[in-house]
Amino acid sequence: MRSWTVLGAVSLCLLSASDVLAVKTHDFKTCSQSGFCRRGRALASRAQAAANQWKSPYSVDASSVSIASDQAKFTAGVKSSLYPDVKFSLELRVHEDGVVRVRMDEVGGLHKRYDEAASWALIQEPTIHKKVKWTASKKDVRASFGANKEFDIIVAYQPLQVTLLRNGKEQVVLNGKGLLHMEHFRSKAVVMTETEEGEPKPEAAAEDAQQVLAKPEDPKAWFEGETEDGLWEETFGSFTDSKPKGPESLSIDINFPNHGVVYGIPQHATRLALPTTSGENPFFSDPYRLYNADVFEYIASSTMSLYGSIPLLHAHSVDSTVGVFHAVGSETWIDVAHPTEKSTETHWISESGIMDVFLLPGPTPEDVFRQYSRLTGAAVLPAYFSLGYHQCRWNYVSTDDVRTVQKRFDEEDMPVDVFWLDIEYSEDHKYMIWEKKNFPDPVDMINDVAALGRKMVVIVDPHVKRTQDYPVYKEASELEVLVKPKGGSGEYEGWCWSGSSSWIDFFNPTSWDWWISLFKPHKLDNGRWSWIDSTEAVHIWNDMNEPSVFNGPEITMPKDNIHYGGWEHRDVHNINGMLYSNLTSQAVAARSDPPKRPFVLTRAFYAGSQRFGAMWTGDNLGTWEHMAVGIKMVLSNGIAGMTFSGSDVGGFFGNPEPEMLVRWYQVGVFAPFFRAHAHLDTKRREPYLLDEPYKGIVRDILRLRYSMLPIWYTLFRETSVTGIPVLRPQYVVFPKDPNGFDIDDQYYIGTSLLVKPVTSKGATEATVYLGEDQVYYDYFTYKAYRGSSKGKNITVSAELYQVPLFIRGGSILPTRERARRSSSSMKHDPFTLKIALDQQSSSARGELYLDDGESYDHQKGEFVWREFRAEKPNKKTLRITSKDLAAEKPGVAVEGVALAKFDPSNAYAKSLEKENVRVERLVVLGVPGLPKSVKVEGSSEELVWEYIQGVAAGESKKEGYTSILKIKDPKVLVTKDWAITVQL
Ligand SMILES: *[C@@H]1O[C@H](CO)[C@@H](O)[C@H](O)[C@H]1NC(C)=O
Ligand SMILES: *[C@@H]1O[C@H](CO)[C@@H](O)[C@H](O)[C@H]1NC(C)=O
């Protein structure tokens, strides 16, 4: 949903095609327009200019070091030589898994710094290592840890510097360049003048004047600059930020002397491997900005803030991956430079909050994913339907419109799971109140959709129309759970879709139960309002939760607004939107008893948002450039935890020509979240409206998605346990291959599928990089290609109807090939196993995970989890087996969460058995020769099979059509152990 700044009435007809131009960059700050960013960068350039003379004023007071005897934890006092009276505290902890947490705060200051960001992001208080011992000397305090004590963490006293090493090699260094600066709270300088009567009278310091702070030879000036800069008040356009607490920013340099590539800190529209923003000839001139913002028609290559912010960075090299997570909720800017090809320097500048940095030691990308998900949780296991295709538009205009769209999908045999309603379903944008004229029978409409096994997603935005006839506003106002304006009393009022609006303060615990009860589809006992015109088939879309405020500074809330606990909006801005989707997902789950898995889509996000549902990349443009960058953004979101991610298919703005729309579906089908959406002003573009051949191509793409649902769901189970994203960039799969570090236009789905969507007009072929000596089978034609251990490019045909998609040798993929109208009608469909034999040993492996897809019974052991293997025990035999993984590895929820014992005859597994859910086809790719016989072990009956002569997996020099063995209906159940033997 786009927004724009309109002071006064908001009218939808203001839009026209000419609006589709470019972002209004002047609505958003550059670093030079933000006081604390300017100060942070100025500090960095003074340090640069002073080179070797530069010395951080911060040091650890050696006498204050206090080591916990039974835990890997120490505290110490820190001082700044510039302000001997100001005190800081430092605390380091080593967690059980080797993550090091570094916290620094000001103590006994004029105010308290915001220190709660981690409490919203983290799933629990991490367990501190019991065995690691700190030892303090005269110059530092240090500890070793890891299986072979390969890690060392050293905190040098003078100046304060924190270094993490592995095998003696520096991994991460904090304050190595001396850019640490925690601006302490201070009183506004007052200049005493005399009144006419001769009485002294304080005179406020000039507002944004360049007040002389210190003499040039003063070390303060040397470190902080000679002038005060935007400390006490700041204006941007017509907006003034009153900054009642004055300056409190935090600058810290975080360097990776042995890592030449960095990834992460989404969300930005740029390459996955982050281009530089400082140093020599930087690619971008501004630092990466993290400040959740509703950026209208964003630029496809920029460091500008977008809707979500995750302060997690991966640094990578051929022999190590490390991560840094800074739990900060305020606006943050991050500069990236590569002083050499093999090293990276980053500089983080945050407006407020404490330093709360987690060093994730890796040393592999997968280790970093696990370490991060132990902190902030793994992605939720989604409701099965939400992996299907979502049809959205601003707007389906009536209940009958929805019915017609559904009918058209069915007439054209196009599968779809969800129909979406954007803001126009609601009366005057009072969300949850149906607009009666066009939506006279909402529950009947929902039931009509649900009758065909489908769902609806309806938008509920966080701006609440300020009118007494809106129960949500009335109750929120009575409960006093609305965000307050500066000063802290009354209700903050701003403009959004609903005109004059207020915002619920989800930091206020009083709002929580109330918000959850609003979504109950039945009357409440306490007489409060609830959404009775709704059903359990309705799921929720949270848009505009940055929050977007049309008449606010940078289209959001003023930073001096007040939240629960007296905190300013500035302290919690980036966290705010996450609490909204947290509470909404709890509300949707709590409608049913027992609860059902909710689906909530959010636009704003923060570290931890992966626990609450999916996100999308916001209001993209219908351009090839946006199509391409959307892939990179989805990959980047994924490595920062938000793996359930996608971009609007078709582009939100504009009218894509059929070729572009087809290519966009080919992008969307390989994203975890697959939704088509379109702006109010665009022409209708539901896929059934296309002419042939486009329509047929898109139908095939939709069917491909549905056939692959078991693959997606199995991968989501894995990510919900390990935190390893569903989509894996090349560097994640091949961390040692430098050729792949900058590749972000092709990626792996899990580890078995490699895809390179086409994102350019008129393409007929594509180049795909294969980073290993392995056979890759074209998913559709079964043609075999060979990679190389040195890396190799192959060129493949990519006509409009083709997407380069490959099965990696060594994989087994479960699919469901029967065309159905939605995922719910596939519950008992049989499976096809695609068995892609590996080049070296002609073996393969894969998994299938299944559960009811909607309840939480899987947490009680109600699921089926199989391992399939193909092996050659000897030259003459190929053996394909199915084994129960659940009995072996019963844990399915996030690691560390204890689960009920797995029951192999659980009711869910039994229900599949009863329905005879079986493997109906096996397709073995790369078989080494014409089989003599194919039998289920324990049976003497010869199965029905077909062999097509071609290239075998092991013929490592040969490319071309592969040899295929198709085994027809062996009548083996997915719930049972079995083996099929192929005699060669
Ligand atoms: C958010 O979600 C977590 C579960 O992941 C829960 O423990 C927490 O209390 C929730 N509430 C808020 C307001 O963040
Ligand atoms: C593959 O092609 C890309 C450009 O298309 C090129 O940059 C890269 O060096 C090539 N890699 C190999 C191993 O040939």
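Residues numbered from 1 in each chain as written. Chains lettered and ligands numbered in written order. Predicted model: local features only at pLDDT ≥ 70, side-chain atom pairs only at ≥ 80, totals over all residues. Heavy atoms only, no water.

Further remarks concern the overall build of the protein chain. When you go through the protein chain residue by residue, the secondary structure sums to 15 helices and 54 strands. Its C-alpha atoms give the protein chain a radius of gyration of 29 Å, near enough to 30 Å, the size a compact globule of 984 residues would have. Its C-alpha atoms give the protein chain principal-axis dimensions of roughly 110 × 70 × 55 Å. The buried share of the protein chain, reckoned over its 984 residues, is 63%. About 35000 Å² of surface is accessible on the protein chain, with carbon and sulfur atoms providing 50% of the total. Here the protein chain carries 111 positive and 129 negative side-chain charges, and the mean point of each set is 7 Å from the other. (Helix = DSSP H or I, 4+ residues; strand = E, 2+ residues; numbered from the N terminus. Rg over C-alpha atoms; globule rule 2.2 N^0.38 Å. Buried < 20%, exposed > 50% of the residue type's maximum accessible area, 1.4 Å probe, protein only. Areas by Shrake-Rupley, 256 points an atom, 1.4 Å probe, with all protein chains shown as cover. Lys, Arg positive; Asp, Glu negative; His and termini not counted. Charge placed at Lys NZ, Arg CZ, Asp CG, Glu CD.)

Bringing the site of ligand 1 into the picture now. Lining the immediate surroundings of ligand 1 are Trp120, Trp512, Leu579, Asn582, Leu583, Gln586, Arg611 and Phe612. Measuring from an oxygen atom of ligand 1, one finds a side-chain N or O atom of Asn582 at 2.5 Å. Contact between ligand 1 and Arg611: an oxygen atom at 2.9 Å from a side-chain N or O atom of the residue. Surface burial for ligand 1 is 61%, taken as the share of its 360 Å² of free accessible area covered by protein chains. If you tally residues by element for the shell around ligand 1, the top one is helix α9 (residues 569–589), at 4 residues. Partitioned by chemical class, the residues of the shell around ligand 1 number 5 nonpolar, 2 polar and 1 charged. (Near = heavy atom within 4 Å. Polar contact = N/O pair within 3.5 Å; in protein donor to acceptor, adjacent residues only side chain to side chain. Nonpolar A, V, L, I, M, F, W, Y, C, P; charged D, E, K, R; others polar.)

Moving on to the sheet that holds strand β29 (residues 494–496). Within a beta sheet, neighbouring strands are joined by backbone hydrogen bonds and run either parallel or antiparallel to one another. Ordered by their spatial adjacency, 3 strands build an open sheet running β28-β30-β29, and the pairing between neighbours is antiparallel. Each edge of the open sheet carries a strand with a single partner, namely β28 (463–465) and β29. Between one strand and the next, the sheet's axes are offset by a mean angle of 60°, whatever the strand orientation. Pairing of β29 with strand β30 (residues 499–503) involves 3 bridges; the strand directions are antiparallel. (Pairing = 2+ DSSP bridges. Axes fitted to C-alpha atoms, helices over the stretch in contact; angles between N-to-C directions.)

Packed helix pairs are characterised by how far apart their axes lie and by the angle those axes make with each other. Look at helix α5 (residues 399–411) against helix α6 (residues 442–451): their axes get within 9 Å of each other, and the N-to-C directions meet at 10°. Taken together, α5 and α6 sit at an angle that is classed as roughly parallel. Note on element contacts: α6 touches α5 through Pro442, Asp444, Met445, Asp448 and Val449, opposite Thr399, Val402, Arg403 and Gln406. (Parallel < 35°, antiparallel > 145°, perpendicular 65-115°, else oblique. Contact = heavy atoms within 4.5 Å.)

Right, let's get into unusual backbone geometry. In this structure, Pro159 follows Gln158 across a cis peptide bond, with omega equal to -5°. Among the secondary structure elements, Pro159 is positioned in the loop between β7 (151–156) and β8 (161–166). With a phi close to 80°, Met432 is a non-glycine residue in the positive phi region. Relative to the helices and strands, Met432 resides in strand β26 (residues 430–434). You can call Met432 buried: its relative accessible area is 1%. Phi at Met544 takes a positive value of approximately 60°, unusual for a residue other than glycine.

Here we take up the site of ligand 2. Surveying the vicinity of ligand 2 reveals the residues Tyr769, Gly791 and Asn793. Burial of ligand 2 by the protein amounts to 33% of the accessible area it has alone, namely 360 Å².

Throughout the structure, instances matching the rule amount to 73 salt bridges. With a closest N to O distance of 3.2 Å, Arg603 and Asp294 form a salt bridge. Here Arg603, found in the loop between β32 (600–602) and β33 (614–616), pairs with Asp294, found in the loop between β17 (288–290) and β18 (312–317); they are 309 residues apart in sequence, far enough to count as distant. The same class applies to Arg603 and to Asp294, which are both buried. Lys834 is paired through a salt bridge with Glu817; the nearest N and O atoms lie 2.9 Å apart. You can see Lys834 sitting in strand β45 (residues 831–836) and its partner Glu817 sitting in the loop between β44 (811–815) and β45, a full 17 residues away along the chain. Overall, Lys834 belongs to the buried group, its relative accessible area being 6%. (Salt bridge = Lys/Arg side-chain N within 4 Å of Asp/Glu carboxyl O.)

To continue, consider the packing of helix α12 (residues 694–707) against helix α13 (residues 709–722). Relative to each other, α12 and α13 sit at 45°, their axes nearing to 4 Å. With respect to α13, the element α12 is oriented oblique. Two secondary-structure elements touch here, α12 through Arg705, Tyr706 and Ser707 and α13 through Leu709, Pro710 and Trp712. For the contact of α12 with α13, the per-class residue count stands at 4 nonpolar, 1 polar and 1 charged.

Interface size is commonly expressed as the accessible surface area that is lost when the partners come together. For the protein chain, the assigned domains are domain 1 (34–265 + 310–376) and domain 2 (737–983). Each of domain 1 and domain 2 has a C-alpha centre, and the two are 47 Å apart. (Domains from an automatic or database assignment.)

Turning our attention to the environment of Arg921. Considering the arrangement of structural elements, one finds Arg921 in strand β49 (residues 918–925). Distance in space between the C-alpha atoms of Arg921 and Arg816 is 9.9 Å, their sequence separation being 105 residues. Those residues in contact with Arg921, other than ones at most four positions away along the chain, are Glu817, Phe831, Thr832, Leu833, Ile967 and Pro970.

Attention now moves to the state of the cysteines. On inspection of all chains with the given rule, the structure shows 1 disulfide. The residue that forms a disulfide with Cys31 is Cys37, at a sulfur-sulfur distance of 2.1 Å. Taking the torsion about the sulfur-sulfur bond, which here is approximately -105°, the covalent link between Cys31 and Cys37 counts as left-handed. Of the two residues, Cys31 and Cys37, neither departs from the other in class, the shared state being buried. The thiol sulfur of Cys392 is not disulfide-bonded, and the nearest other cysteine sulfur, from Cys496, lies at 17 Å. Residue class for Cys392 comes out buried when judged on its relative accessible area of 1%. (Disulfide = S-S within 2.5 Å.)

Take the side chain of Asn255 next. Positionally, Asn255 belongs in strand β15 (residues 250–256). We classify Asn255 as buried; its relative accessible area is 7%. Among the polar contacts made by the side chain of Asn255, one reaches the side chain of Asp253 at a distance of 3.4 Å. Not counting the four nearest positions on each side in its chain, Asn255 is found in contact with Gln171, Val172, Val173, Lys177, Thr344, Glu345 and Thr346.

What follows deals with α5. With 13 residues, α5 should reach 18 Å at 1.5 Å per residue; the first-to-last C-alpha distance of 19 Å fits that figure. Residues of α5 that are buried sit in contact with β23 (389–391), β24 (418–421), α6 and β27 (455–459). Remark: Asp413 follows α5 within two positions and exhibits a positive phi of approximately 55°. (Expected span 1.5 Å × (residues − 1).)

Here we come to the pairing of β27. Taken residue by residue, a regular strand's side chains alternate between the two faces of the sheet. β27 sits mainly inside the fold: 5 of its 5 residues count as buried. Judged by which residues are buried, β27 turns out to be covered on both faces: Lys455, Val457 and Ile459 on one side and Met456 and Val458 on the other are all buried. Note that β24 and β27 share 4 bridges and pair parallel. When the sheet's bridge partners are listed, Phe419 is paired in β27 with Met456. As judged from the 4 bridges shared by β27 and strand β31 (residues 538–542), these two strands associate in the parallel manner. Residue Val458 lies in a different strand from β31, and its bridge partner there is Ile540.

So, about the packing of aromatic side chains. Under the criterion given, the structure shown has 51 aromatic pairs. Aromatic ring contacts, followed pair by pair, group Tyr425, Trp434, Phe439, Phe506, Trp514, Trp515, Phe519, Trp531 and Tyr580 into a single cluster. Positioned over the ring face of Phe283 is Arg271, at 5.5 Å from the centre of the ring. Cation over ring: Arg675 sits above Trp616, and NZ or CZ is 4.9 Å from the ring centre. (Phe/Tyr/Trp six-rings, centres within 6.5 Å; stacked < 30°, edge-to-face > 60°. Lys NZ or Arg CZ within 6 Å of the ring centre and 35° of its normal.)

One open sheet accounts for 8 strands, arranged β1-β2-β3-β4-β22-β19-β18-β16; its pairing is antiparallel. The sheet terminates laterally at β1 (58–67) and β16 (261–264), the two strands that pair on one side only. On average, each strand axis in the sheet is inclined to that of its neighbour by 20°, with strand direction left out of account. Two strands pair when backbone bridges link them, and strand β2 (residues 73–80) and strand β3 (residues 83–94) are joined in this way by 8 bridges, in the antiparallel orientation. Considered in β3, the bridge of Lys73 is made with Arg93. The strands touched by helix α4 (residues 365–376) are β18, β19 (320–326) and β22 (355–360); relative to β19, the strand with the most contacts, the crossing angle is about 20°.

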